[in-house]
Amino acid sequence: MGKLALVAKVTHVPSMYLSELDGPRKGTRQDAIDGHKEISRRCRELGVDTIVVFDTHWLVNANYHLNCAPHFEGRYTSNELPHFISNMPFEIPGNTGLGQILARVCNEHGVETLAHHATTLGPEYGTLVPMRYMNADRHFKAISVSALCQAHYLNDSARLGWAMRRAVEDHYDGTVAFLASGSLSHRFAQNGLAPDFAFRIWSPFLETLDRSVVQMWEQGDWKAFCEMLPEYAAKGHGEGFMHDTAMMLGALGWSDYNGQAEVITPYFGASGTGQINAVFPVTPQTGKAIPAAQASAARGYQAVSRL
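Our subject in this report is the structure included herewith. These numbers were taken from a predicted model, which means no experiment stands behind them.

**Considerations on the overall build of the chain**
- The helix and strand inventory of the chain stands at 8 helices and 10 strands.
- Expected size for 307 residues packed as a compact globule is a radius of gyration near 19 Å; at 18 Å, the chain falls within 12% of this value.
- Residues counted as buried form 59% of the 307 residues belonging to the chain.
- Across the chain, every contact between residues at least 6 apart in sequence was considered, and the portion connecting residues at least 24 apart equals 82%.

**Considerations on the sheet that holds strand β6 (residues 113-116)**
- Here 8 strands make up an open sheet; going across it, the order is β6-β3-β7-β2-β8-β1-β10-β9 and the pairing mixed. Unpaired on one side and paired on the other, β6 and β9 (262-270) mark the two borders of the sheet. In this sheet, neighbouring strand axes are inclined to one another by 20° on average, regardless of whether the strands run parallel or antiparallel.
- Sheet topology note: the β9/strand β10 (residues 273-280) ladder contains 6 bridges and is antiparallel. Its bridge partner being in β10, alanine 270 is matched across the sheet by threonine 273.
- Packing of helix α4 (residues 125-134) onto the sheet brings it into contact with β1 (3-10), β2 (50-60), β7 (141-149) and β8 (175-181), and relative to β2 it is tilted by some 150°.
- The strands touched by helix α5 (residues 154-171) within the sheet are β1, β2, β3 (64-67), β6, β7 and β8, with β8 carrying the most contacts at an inclination of about 165°.

**Some details on the packing of aromatic side chains**
- The tally for this structure, following the rule as stated, stands at 9 aromatic pairs.
- Taking the centre distance of 5.0 Å and the plane angle of 45° together, the rings of phenylalanine 197 and tryptophan 202 count as tilted.
- The class of phenylalanine 197 is buried, set by a relative accessible area of 9%.
- The exposure class assigned to tryptophan 202 is partly exposed, which follows from its relative accessible area of 24%.
- Relative to phenylalanine 225, the ring of tryptophan 217 has its centre 5.6 Å away and its plane inclined at 85°; by these criteria the two rings are edge-to-face.
- Taking relative accessible area as the criterion, tryptophan 217 reaches 1% and is therefore assigned buried.

Quick notes on the rules
Residue numbers run consecutively from 1 along every chain, following the written order of its sequence. pLDDT decides what is reported in this predicted model: residues at 70 or higher carry local features, side-chain atom pairs at 80 or more are listed and counted, and totals for whole chains, interfaces and linings draw on all residues regardless. Excluded from the side-chain calculation are hydrogens and water; included are all heavy atoms of the structure. Secondary structure elements are taken from DSSP: a helix is a run of H or I of four residues or more, a strand is a run of E of two residues or more, and numbering for both begins at the N terminus. Two things to know: the radius of gyration comes from C-alpha atoms, and the globule rule equals 2.2 Å times the number of residues to the power 0.38. We call a residue buried when its accessible area falls under 20% of the maximum for its residue type, exposed when it is over 50%, and partly exposed in between, using a 1.4 Å probe and counting protein chains only. By the convention used here, residues are in contact when the closest approach between their heavy atoms is within 4.5 Å. Between any two strands, at least two bridges found by DSSP are needed for them to pair. The angle between two axes is taken between their N-to-C directions and runs from 0 to 180 degrees, where each axis is a line fitted to C-alpha atoms and a helix contributes only its stretch in contact. Pairing of aromatic rings covers Phe, Tyr and Trp, the last through its six-membered ring, and needs centres within 6.5 Å; plane angles under 30 degrees mean stacked, over 60 mean edge-to-face, and all others mean tilted.

Rendered as structure tokens:
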């Protein structure tokens, strides 16, 4: 019925917002902003009506969660970096119906997921920053998905991504894009050194690791990447333990994926972390490589709602 038209890995560095403001950082993240605008342009050309964001700033300790409120509006200040993002206005249309479909199909695939529509919960900046540059005219509806998963299996996140693709393609009458909103390596500069690393990676090891991964993506070496993802997430200080990346790869077919990444904004350093905007073509997939549900098979698990 529906279509997953575009999948991308995107940066959400708060210095993009600083880049808008008068001061020494003005204009310094224009390349990342332009990358978001290019992804938005492609989504519009493809007829996308809703963007689903796997947000590595939404921390959860149990289950997977979707914020599918009908409308988001307010002013946002980051509790993590209030000197970077302060009183940033936002307004985004939501998509409650699609959120409920996504959660239902994820549960059917053995990944316990809750959709929240009657909620005062606001989006985190992993959603708000991309929407600021991709959706300033509120052209797209948006759904935010928890991807800072504290006690979760990467296999389940991959399965969640696949289940969400099936939900869109089998049960939704519309066109959707998925964004994995998170960095590559995510080792922030040590306190006191942040200004020195504003445009650098924390260590040569992490930069070499990230650049090797980007090369794997561009060459389509997905079997090797999926095998190394847990170790990369740990040793590369992956943001959100790289659950957004697992969700993204699950939606694309996991290790059977046969596409190649197109880099939109080349790899860059931000406060010690490694960042990129890249698009991944959606190709036909059977889902046979998707990992089995792991949490639902854990000893002592009971498939009951926690609410």
